[in-house]
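Results of the structural survey
Below, each chain spelled out in residue letters.
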Amino acid sequence: MIEPDLELAQALFNELYAIGYDGIGVTRDTYGPGEQRAHDLIRLSGTELGLEARIDAALNLYLTLPGLERSLPAVLTGSHLDSVPRGGNYDGAAGVIAGMSVLASWIKCGRRPKRDVTVISIRAEESVWFPVSYIGSKSALGLLPADALEAVRFDTGKTLGKHMEEQGGFPETLVNGAPAVSIGAVCAFIELHIEQGSVLIESRQAIGIVTGICGSLRYRSATITGQYAHSGATPRTHRHDAVVAFAELVHELQNTWQVLEADGHELTLTFGQVNTDSKQSDFSKVAGKVVFCIDIRSRDVDTLDLMNDYVQRAVADLSAKHGVNFNLGEKIRSQPASMDPALRHGLTVCAKNRDLKFHAMPSGAGHDAAMFAYTGIPTAMIFIPNANGSHNPDEQMEMDDFSNGARVLSDILWQISNQ
Ligand code: HGY
Ligand code: MN
Ligand code: MN
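Residues numbered from 1 in each chain as written. Chains lettered and ligands numbered in written order. Predicted model: local features only at pLDDT ≥ 70, side-chain atom pairs only at ≥ 80, totals over all residues. Heavy atoms only, no water.

**Focus on the side chain of Ser83**
Put simply, the rule is: Strands are runs of DSSP state E lasting at least two residues, helices are runs of H or I lasting at least four, and both sets are numbered from the N terminus onward. Relative accessibility thresholds used throughout: buried, under 20% of the residue-type maximum; exposed, over 50%; partly exposed, between the two (1.4 Å probe, protein chains only). Polar contacts here mean pairs of N or O atoms no more than 3.5 Å apart (in protein, one a potential hydrogen donor and the other a potential acceptor; neighbouring residues in sequence count only if both atoms are side-chain atoms). Contacts between residues were defined by any pair of non-hydrogen atoms, one from each residue, lying within 4.5 Å.
Relative to the helices and strands, Ser83 is located in the loop between strand 3 (74–80) and helix 3 (93–108). Using a relative accessible area of 1% as the deciding quantity, one classes Ser83 as buried. Only 3.3 Å separates the side chain of Ser83 from the backbone oxygen of Val26, close enough to count as a polar contact. Engagement of the side chain of Ser83 in a polar contact is seen with the backbone nitrogen of Arg28, the distance being 2.7 Å. With sequence-adjacent residues up to four places away left out, Ser83 is seen in contact with Val26, Thr27, Arg28, Gly88, Glu126 and Trp129.

Here it is as structure tokens:
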């Protein structure tokens, strides 16, 4: 069994952090300079290793170690390189760097697999920038809807198509064009990713073998419109208070979540952003407007729909009770995905052979692997421990944990690429 190139991995993590640090955390902004710097770094490293580099119309990067029989369907590994604003250094990047460290170690000891093995650096996985999920992997797989190119980045006001063009992409070829990753040309996709919760840390297991990836149902920009009024002169019964209506919505849906959980439903419910109108709200007024978001996750589509029904019901009740108007805005969904049973079994064998404790577990976070699985490509994910959660500057992956994950990745990639 070969040891991944940890020296290369550490150097890439250090350099990624240096070029991505924003003063608080790491920002690799989607189709912006931050993500571009990361892609340039990985591409340079890949060409220095002697890997074949290719970039598709959406600017996903493919670094390939040619196999001995190049006509065979290839094996893909990798993840995304963008990050949330002020995020951590390991979300996504760990999967790309793990692939690079594995291929570097194979090259060093002259190992040539039967099939091509490609590390893909995927664009735009974080849908915080554009209100579209999995832009890069959907583009690679020919799944990007035409209207997605009109989606606007929240901080620049420019469209996805414009951002792609400015970075050197060809968005117009993505709609109805041939996908860069054609389903028949790939025999498996394996994504290594940090666990973004605390299951592995708390249970002290080395590896997570993902059983399935949650789908999501989101309202990214919902509003409650009530009535601004004097905070002292307006009796309780005369108020149309948007903040009170929001507070009761949260309380009611939190209770619903507990009831559904007790009923065996697996889901999460998050109100990640809530704001009153900074230009008009103040301490001497009843709040006339609240803007907020709702993020519902589950591996079961019926559970997503059931929770959404409760959201609709609560909104109708509270509108009447408080005389406010709820506008939930656009509903955005992403599909849940199941991981390939044969690959999951292969991963357990690899973990056992490395004498590593492993845990079969669902992913509450979304991952590009869901899109590969959606197309029918056999797909699997390896989770590695990461402290302090994720989507925050304190995200902390240890290199020992990374190396365990990269070892298992190396073994499964070698096994599949020689079948
Ligand atoms: O939001 C997610 O689950 C992923 O980290 N983009
Ligand atoms: Mn991620
Ligand atoms: Mn993320």
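More follows now that the structure is in view.
**Digging into the coordination of the manganese ion (ligand 3)**
Any two of four tetrahedral donors ideally make an angle of 109.5 degrees at the metal, while pairs among six octahedral donors ideally make 90 or 180 degrees. Formally: Note that water is not among the atoms used; donors are N, O and S atoms within 2.8 Å of the metal (3.2 Å for Na, K and Ca), so sites may look incomplete.
Of the protein atoms, only Asp91 (OD), Glu126 (OE) and His391 (NE2) coordinate the manganese ion (ligand 3), at distances of 2.0 to 2.1 Å. Linear spacing of the donor residues for the manganese ion (ligand 3) on their chain is D-x34-E-x264-H. The manganese ion (ligand 2) is placed at 3.4 Å from the manganese ion (ligand 3), the two being bridged by Asp91. Of this pair, Asp91 sits in the loop between strand 3 and helix 3 while His391 sits in the loop between strand 17 (379–384) and helix 11 (399–417), placing them 300 residues apart in sequence.

**Quick word on the pattern of salt bridges**
Selection rule: The rule for a salt bridge is simple: a side-chain nitrogen of Lys or Arg has to be within 4 Å of a carboxyl oxygen of Asp or Glu.
Evaluation of the coordinates by the stated rule reveals 15 salt bridges. Across the pair Glu35 and Arg123 runs a salt bridge, and its minimum N-O distance is 2.9 Å. Remark: Arg123 occurs in the loop between strand 4 (117–122) and helix 4 (135–140) and Glu35 occurs in helix 2 (residues 33–49); sequence separation between them is 88 residues. Accessibility classification places Glu35 together with Arg123 in one group, the buried group. The partner of Arg218 in a salt bridge is Asp295, and the shortest N-O contact between them spans 2.7 Å. With Arg218 in strand 7 (residues 215–225) and Asp295 in strand 12 (residues 289–298), the pair connects residues that are 77 residues apart, well separated along the chain.

**Details of the domain arrangement of the protein**
Going by this rule: Where each domain starts and ends comes from a domain assignment, either automatic or drawn from a database. Once two parts are joined, some of their accessible surface, as seen by a 1.4 Å probe, is lost; buried area is that loss totalled over both. Here the term charged refers only to Asp, Glu, Lys and Arg, the term nonpolar to Ala, Val, Leu, Ile, Met, Phe, Trp, Tyr, Cys and Pro, and the term polar to all other amino acids, Gly among them.
Domain annotation for the protein reports domain 1 (6–214 + 336–417) and domain 2 (216–334). Computed over C-alpha atoms, the centres of domain 1 and domain 2 are 34 Å apart. With 15 residues of domain 1 at the contact, the number on the domain 2 side is 11 residues. Between domain 1 and domain 2, a total of about 960 Å² is buried, with carbon and sulfur atoms accounting for 52% of that surface. Three residues stand out in domain 1 for area buried against domain 2, namely Pro131, Cys214 and Pro336, and they jointly supply 49% of the buried area on that side. Inspection of the region where domain 1 meets domain 2 yields zero salt bridges. The interface formed by domain 1 and domain 2 contains five residue pairs in polar contact (both at pLDDT 80 or more). Residue contributions to the side of domain 1 that touches domain 2 peak at three residues, all from strand 6 (residues 207–213). Of the residues contributing to the side of domain 1 that touches domain 2, the split by class is nine nonpolar, six polar and no charged.

**A few points about helix 7 (residues 242–262)**
Side chains that are three or four residues apart share a direction in an α-helix, a result of its 3.6 residues per turn. To keep things clear, this is the line we draw: Helix span is expected to be 1.5 Å times the residue number reduced by one. An arc is given here, and it is the one of the directions from the helix axis to the C-beta atoms.
Helix length check: helix 7 (21 residues) gives 30 Å between terminal C-alpha atoms against 30 Å at 1.5 Å per residue, within 8%. Within helix 7, burial applies to Ala242, Ala245, Phe246, Leu249, Leu253, Thr256, Trp257 and Leu260. For helix 7, the angular spread of buried residues about the axis comes to 110°, placing them on one side. Opposite its buried face, helix 7 presents the exposed residues His251, Gln258, Val259 and Ala262, each directed more than 90 degrees away. Looking at the buried positions of helix 7, the neighbouring elements they touch are strand 7, strand 9 (268–270), strand 10 (274–276), strand 12, helix 8 (301–322) and strand 13 (325–327). Two to three positions downstream of the cap, the backbone nitrogen of Val243 sits 2.9 Å from a side-chain oxygen, assigning the N-cap of helix 7 to Asp241. A positive backbone phi angle near 95° is found at Gly264, which sits one or two residues after helix 7.

**Some thoughts on the coordination of the manganese ion (ligand 2)**
Every protein donor of the manganese ion (ligand 2) is accounted for by His80 (NE2), Asp91 (OD) and His193 (NE2), and the metal-donor separations fall at 2.1 to 2.3 Å. We note that the donor set of the manganese ion (ligand 2) lies within a single chain, spaced as H-x10-D-x101-H.

**Focus on the packing of helix 3 against helix 11**
This is how it is decided: Geometry is summarised by axes, namely lines fitted to C-alpha atoms with helices restricted to the contacting stretch, and by angles between N-to-C directions that run from 0 to 180 degrees. Note that the term roughly parallel is reserved for angles under 35 degrees, roughly antiparallel for angles over 145, roughly perpendicular for angles of 65 to 115, and oblique for everything else. Here is the rule for handedness: rotate from the far helix to the near one, and if that takes an anticlockwise turn smaller than a right angle the crossing is left-handed, while a clockwise turn gives right-handed.
Running from N to C, helix 3 and helix 11 cross one another at 60°; their axes reach a closest spacing of 9 Å. By the angle between their directions, the pair helix 3 and helix 11 is classed as oblique. Note on packing geometry: the crossing formed by helix 3 with helix 11 is right-handed. On the side of helix 3, the interface is formed by Ala94, Ile97, Ala98, Gly99, Ser101, Val102 and Trp106, while helix 11 contributes Phe402, Ala406, Leu409, Ser410, Leu413, Trp414 and Ser417. By residue class, the composition of the contact of helix 3 with helix 11 is 10 nonpolar, four polar and no charged.

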